[in-house]
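Coordinate analysis (summary)
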Amino acid sequence: MAFLSDSLKRIKPSATIAATQKARDLKAQGVDVIGLGAGEPDFDTPDNIKAAAIAAIQRGETKYTAVGGIDELKAAIAAKFRRENGLTYTPAQCFVAPGGKPIIFNAMLATLNPGDEVIIPAPYWVSYPDIVELLGGTPVIVEAGMNTGFKLQPDVLEKAITPKTKWFIFNSPSNPTGAAYTHDELKKLTDVLLRYPHVWILSDDMYEHLSYDGFKFATPAQVEPKLYDRTLTMNGVSKAYSMTGWRIGYCAGPIELIKAMTTIQSQSTSNPTSISQWAAVEALNGTQDFIPTRAASFKERRDLVVSMLNQAKGLKCPTPEGAFYVYPSCAGCIGKTTPKGRVINNDQDFVEALLEEEGVACVHGQAFGLAPFFRISYATSTEALTAACERIQRFCASLR
Ligand code: GLU
């Protein structure tokens, strides 16, 4: 349609959002679907956080706030970074946006000129390359495949850096693979980055609190303090505190960048919802006791799903360190035919046939830049996961 912009042509709808919506629609029509597409915790927002939001409404905290967040939340963010990551930021270096995506949007819009390159390891969260493309940058995709535990190797990173590289986007634990970098693995990447002072680092730490088997989380500015002046460390309350619908993402970084992002937000969304901000203050300052309990339950679900998927014919599922995703390979199913006569040529065919023939919704790997795989979100009940994995096993066994 001639009316639409050229930028729109560069992007596609978010595959994770599309898969979640499709499962929601089918369920509303009464179809028996188990949704493993949505990347959000099934747990409810804790009561102390809800109570803080209700109290904020009752106090009349219902007006515009400072564009980049209320002082109380910026202070809570600075305290969080100090307490949990050993990172010192002043409240003025902290910034709040209506979710993680707007943080990335603001940062990229504030810094990218046409032709600037952004290095993104694949598999990647679907929105990174599209945000970069939408804003006129050039995503440079580098492979972090299954043979290296879905972790980017330092030589691969180094080869991708050019004089035009502006950003390196780092995400650990990863959406979609759940892979998480140890301190030493990350140090090897930060050693490379140290040699290229023109490259900035955006560290997406959204899944920080979801890791298992004693894994110790690390973030680039902490592992290599010399990168502090060119690192934007981002996080949010969505995953750790089950607050996806409240839309609060936050970050901290060099003051000039934060000011530029604030200017952009002042001309776009203005402040994130005042009530959600007060809820986020309680999330960060209040009790953290439920986090390990919930993580323990995610770990049980991860183990269940990994074990059941590895018993499915043609699938191989590595055990990830964190997040609530697994990213199995379906290479062994490619080229086969379903009982209904559908030929599986790629992971999208696999995922579509699985939905239509067995009622299990997940997201195809091509959307995350590495095929043939698919992403399963195990943030749902053990009963639903068991039933879904049984269906997947039956589906895989039925392929000829
Ligand atoms: N991060 C979640 C996911 O990957 C939420 C949906 C989205 O924003 O992509 O499913």
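For the structure itself, look to the data block above.
One structure accompanies this document, and this report is about it. Bear in mind that the values here come from a model prediction, so they are computed numbers and not experimental data.

The ligand sits among Thr16, Ile17, Gly39, Lys101, Trp125, Asn175, Tyr207, Lys239, Tyr325 and Arg375. Lys101 is positioned such that a nitrogen or oxygen atom in its side chain is 2.9 Å from an oxygen atom of the ligand. Interatomic distance of 3.0 Å between a side-chain N/O atom of Trp125 and an oxygen atom of the ligand. When the ligand is considered free in solution it has 280 Å² of accessible area, and contact with the protein chains removes 84% of it. Taken atom by atom, the bulk of the ligand overlaps the largest pocket. Considering only residue class, the shell around the ligand consists of four nonpolar, three polar and three charged.

Next up on the list: the packing of aromatic side chains. One pass over the full model with this rule turns up 20 aromatic pairs. Pairing Trp125 with Tyr128 gives two aromatic rings, centres 5.4 Å apart and planes at 85°, and the pair type is edge-to-face. Here Trp125 and Tyr128 have matching classes, each one buried. Summarising the aromatic geometry, the rings of Tyr241 and Phe290 are spaced 6.0 Å apart at their centres and angled 70° between planes, so their arrangement reads as edge-to-face. With a gap of 49 residues between them, Tyr241 in the loop between strand 7 (231–236) and strand 8 (249–252) and Phe290 in helix 12 (residues 290–310) connect regions that are remote in the sequence. Taking relative accessible area as the criterion, Phe290 reaches 14% and is therefore assigned buried. In textbook terms, an aromatic cluster arises when at least three aromatic residues are bridged by ring pairs, as seen for Phe43, Tyr207, Phe298, Phe324, Tyr325 and Tyr378. Positioned above the aromatic ring of Trp278 is the side chain of Arg59, whose terminal nitrogen or guanidinium carbon lies 4.8 Å from the ring centre.

So, about the nonpolar core. Within the largest apolar cluster, 76 residues are counted, with the highest numbers of intra-cluster contacts made by Met108, Leu232, Leu315 and Phe350. Here this core gets seven residues from one element, more than from any other, and that element is helix 14 (residues 382–398). Setting aside its immediate chain neighbours within four residues, Met108 contacts Val118, Ile131, Val132, Leu135, Trp167, Ile169 and Leu202. Listed in part, the 30 residues of the second largest apolar core include Ile49, Ala78, Val96 and Tyr250.

Right, let's get into the sheet that holds strand 6 (residues 200–204). With mixed pairing, seven strands are arranged side by side in an open sheet as 2-8-7-6-5-3-4. What marks the edges here is a single partner per strand, and that holds for strand 2 (94–97) and strand 4 (138–143). Along the sheet, successive strands turn relative to each other by an average axial angle of 25°, direction set aside. Along the sheet, helix 10 (residues 255–266) contacts strand 2, strand 5 (165–171), strand 6, strand 7 and strand 8; its crossing angle with strand 2, the most-contacted strand, is approximately 25°.

Here we come to the pairing of strand 6. Of all five residues in strand 6, four are buried; the element is thus mostly enclosed. With five bridges joining them, strand 5 and strand 6 adopt parallel strand pairing. Pairing of Phe168 across the sheet is with Ile201, part of strand 6. At this point the chain moves from strand 5, through helix 8 (residues 183–194), to the parallel strand 6, and the crossover so formed is right-handed. Where strand 6 and strand 7 come together, four bridges link them in parallel fashion. Residue pairing for strand 7: Ile201 is matched across the bridge by Thr231.

A word on the layout of surface pockets. As a volume, the largest pocket reaches approximately 610 Å³. Lining the largest pocket we find 31 residues, and of these Ile17, Gly39, Lys101, Lys239 and Arg247 sit closest to its centre. Counting only elements with at least two residues in the lining of the largest pocket, the list comes to helix 2 (15–28) and helix 5 (100–111). Take the lining of the largest pocket: its biggest share by element is five residues, from helix 2. Class assignment of the residues belonging to the lining of the largest pocket gives a composition of twelve nonpolar, twelve polar and seven charged.

Right, let's talk about the sheet that holds strand 9 (residues 325–326) for a bit. Spatial ordering of the open sheet is given by 9-12-11, a layout of three strands whose pairing is antiparallel. At either margin of the open sheet sits one strand with a lone partner, and together these are strand 9 and strand 11 (363–364). Direction of pairing for strand 11 relative to strand 12 (residues 374–377): antiparallel, over a ladder of two bridges. Residue pairing across strands places His364 opposite Phe374, the latter belonging to strand 12.

End to end, helix 14 covers 24 Å across 17 residues, agreeing with the expected 24 Å (1.5 Å per residue, within 8%). Residues of helix 14 that are buried: Ala384, Leu385, Ala388, Cys389, Arg391, Ile392, Gln393, Phe395 and Cys396. Close packing links the buried residues of helix 14 with strand 1 (34–35), helix 12, helix 13 (347–358), strand 10 (360–361) and strand 12.

On to the pattern of salt bridges, then. According to the stated counting rule, one finds 24 salt bridges in the structure shown. The salt bridge involving Lys80 is made with Glu84; its shortest N-O contact spans 2.9 Å. One end of the pair is Lys80 and the other is Glu84, both in helix 4 (residues 71–85) and four residues apart, which spans about a single turn. Glu256 is paired through a salt bridge with Lys259; the nearest N and O atoms lie 4.0 Å apart. A residue pair is termed a helical-turn pair when its members lie 3 or 4 positions apart in one helix, as Glu256 and Lys259 do in helix 10 at three residues. Under the relative-accessibility criterion, Glu256 is labelled exposed at 56%. Each of Lys80, Arg83, Glu84 and Glu208 takes part in salt bridges that share partners, so that together they form one network.

What counts, and at which threshold
- Residues numbered from 1 in each chain as written.
- Predicted model: local features only at pLDDT ≥ 70, side-chain atom pairs only at ≥ 80, totals over all residues.
- Heavy atoms only, no water.
- Near = heavy atom within 4 Å.
- Polar contact = N/O pair within 3.5 Å; in protein donor to acceptor, adjacent residues only side chain to side chain.
- Areas by Shrake-Rupley, 256 points an atom, 1.4 Å probe, with all protein chains shown as cover.
- 1 Å grid on protein atoms, 1.4 Å probe; cavity = no way out; pocket = protein on both sides within 12 Å on 5 of 7 lines; lining within 4 Å.
- Sits in = over half its atoms within 2 Å of the grid points.
- Nonpolar A, V, L, I, M, F, W, Y, C, P; charged D, E, K, R; others polar.
- Phe/Tyr/Trp six-rings, centres within 6.5 Å; stacked < 30°, edge-to-face > 60°.
- Buried < 20%, exposed > 50% of the residue type's maximum accessible area, 1.4 Å probe, protein only.
- Helix = DSSP H or I, 4+ residues; strand = E, 2+ residues; numbered from the N terminus.
- Lys NZ or Arg CZ within 6 Å of the ring centre and 35° of its normal.
- Core = buried A, V, L, I, M, F, W, Y, C linked by side-chain atoms within 4.5 Å.
- Contact = heavy atoms within 4.5 Å.
- Pairing = 2+ DSSP bridges.
- Axes fitted to C-alpha atoms, helices over the stretch in contact; angles between N-to-C directions.
- Right-handed = clockwise from strand over helix to strand, strands pointing away.
- Points joined across faces, edges and corners; volume = space filled by probe spheres on them.
- Expected span 1.5 Å × (residues − 1).
- Salt bridge = Lys/Arg side-chain N within 4 Å of Asp/Glu carboxyl O.

So far we have only geometry, and geometry alone does not tell us how the molecule works.
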